[in-house]
Amino acid sequence: MRPLSVTPSSNYCSPATQRKRMRILGDYGNWRKEEVKLLKLLGPPLVAAVVALSPISNPPVSMGETVDVDKGGSLFSRACIGCHAAGGNIIQPGATLFSKDLQRNGVETEEEIYRITYYGKGRMPGFGENCTPRGQCTFGPRLREDEIRLLAEFVKSQAEQGWPNVE
């Protein structure tokens, strides 16, 4: 005869109780095996997706880049938006700041955008401090070299993004 245990940690149950549990739970053992197979099948792709979408793989924009974009946007709003609202061109429609027009007009790099902004081209006046000839340059306030570089970087990045909402 087996002595009764009064400790709560006893795992013993009678064969009748075990049969009763099996009837209630059904074929739990096979279900558990299927669940393990499913986890083994889906686990690696799920882990890969989580890692690919995590901030470790896609770090947020640095504070310096955010500040430069803000400064570039502010300069654009102050000096360029009168003619180039949302990347367009109200003076010469074929010379917008969208990638397709920039490429068609041979303006594909930040350096070329800088040069045109500094010295002007066609109907576009130059905004550089030392812009010449005088008739090609703006009669309004001039921009420093670092401001024009910032503008060129801003325009290039906006063109690559299709000019999202700029105000």
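Residues numbered from 1 in each chain as written. Predicted model: local features only at pLDDT ≥ 70, side-chain atom pairs only at ≥ 80, totals over all residues. Heavy atoms only, no water.

K.L.:
Got a minute to help me understand the state of the cysteines in this structure?
P.N.:
Structurally, a disulfide amounts to a covalent bond that connects the sulfur atoms of two cysteines. What the rule picks out here adds up to 1 disulfide. Disulfide pairing is shown between Cys131 and Cys137; the S-S distance is 1.9 Å. Handedness here is read from the sign of the S-S torsion; for Cys131 and Cys137, about -85 degrees, the answer is left-handed. Assessed through its relative accessible area of 7%, Cys131 is described here as buried. A relative accessible area of 2% means that Cys137 is categorised as buried. Its sulfur unpaired, Cys80 is 8.8 Å from the next cysteine sulfur, which belongs to Cys83. (Disulfide = S-S within 2.5 Å. Buried < 20%, exposed > 50% of the residue type's maximum accessible area, 1.4 Å probe, protein only.)

K.L.:
I would appreciate a short explanation of helix α6 (residues 110–119) in the present structure.
P.N.:
An α-helix turns once per 3.6 residues; consequently, residues spaced three or four apart project the same way. Listed as buried for α6 are Ile113, Tyr114, Ile116, Thr117 and Tyr118. Tucked into the core, α6 has its buried residues touching β1 (120–121), β2 (124–125) and α7 (145–160). Immediately downstream of α6, the backbone of Gly120 shows phi near 85 degrees, a positive value. (Helix = DSSP H or I, 4+ residues; strand = E, 2+ residues; numbered from the N terminus. Contact = heavy atoms within 4.5 Å.)

K.L.:
Looking at this structure, I do not really get α7. What am I missing?
P.N.:
Look at α7: 23 Å from first C-alpha to last across 16 residues, which is about the 22 Å you get at 1.5 Å a residue. Those residues of α7 not exposed but buried are Glu147, Ile148, Leu150, Leu151, Ala152, Phe154, Val155, Gln158 and Ala159. (Expected span 1.5 Å × (residues − 1).)

K.L.:
Got a minute to help me understand the side chain of Thr138 in this structure?
P.N.:
Within the fold, Thr138 resides in the loop between β2 and α7. For Thr138, a relative accessible area of 14% puts it in the buried group. A distance of 3.1 Å separates a polar atom in the side chain of Thr138 from the backbone nitrogen of Gly140. When near neighbours in sequence (up to four residues on either side) are disregarded, Thr138 contacts Pro125, Gly126 and Phe127. (Polar contact = N/O pair within 3.5 Å; in protein donor to acceptor, adjacent residues only side chain to side chain.)

K.L.:
Help me out: how do you make sense of the packing of aromatic side chains in this one?
P.N.:
How two aromatic rings sit relative to each other is set out by the distance from centre to centre and by the angle between their planes. Counted by the stated rule, this structure contains 5 aromatic pairs. Judged by centre distance (6.1 Å) and plane angle (80 degrees), the rings of Phe154 and Trp163 are edge-to-face. Of the residues examined, Trp163 reaches a relative accessible area of 7% and is grouped as buried. Through a chain of ring-to-ring contacts, the aromatic side chains of Phe76, Phe154 and Trp163 assemble into a single cluster. (Phe/Tyr/Trp six-rings, centres within 6.5 Å; stacked < 30°, edge-to-face > 60°.)

K.L.:
I'm lost on the nonpolar core in this one. Help?
P.N.:
Within soluble globular proteins, side chains that are nonpolar tend to cluster in buried spots. Grouped together as the largest cluster of nonpolar side chains are 20 residues, with contacts concentrated most on Phe76, Leu97, Leu143, Leu151, Val155 and Trp163. Contributions of two or more residues to this core are made by α3 (63–79), α6 and α7. When residues no more than four places from it in sequence are discounted, the contact partners of Leu151 are Gly72, Leu75, Phe76, Cys80, Thr117 and Leu143. (Core = buried A, V, L, I, M, F, W, Y, C linked by side-chain atoms within 4.5 Å.)

Geometric values such as these leave the question of function open.
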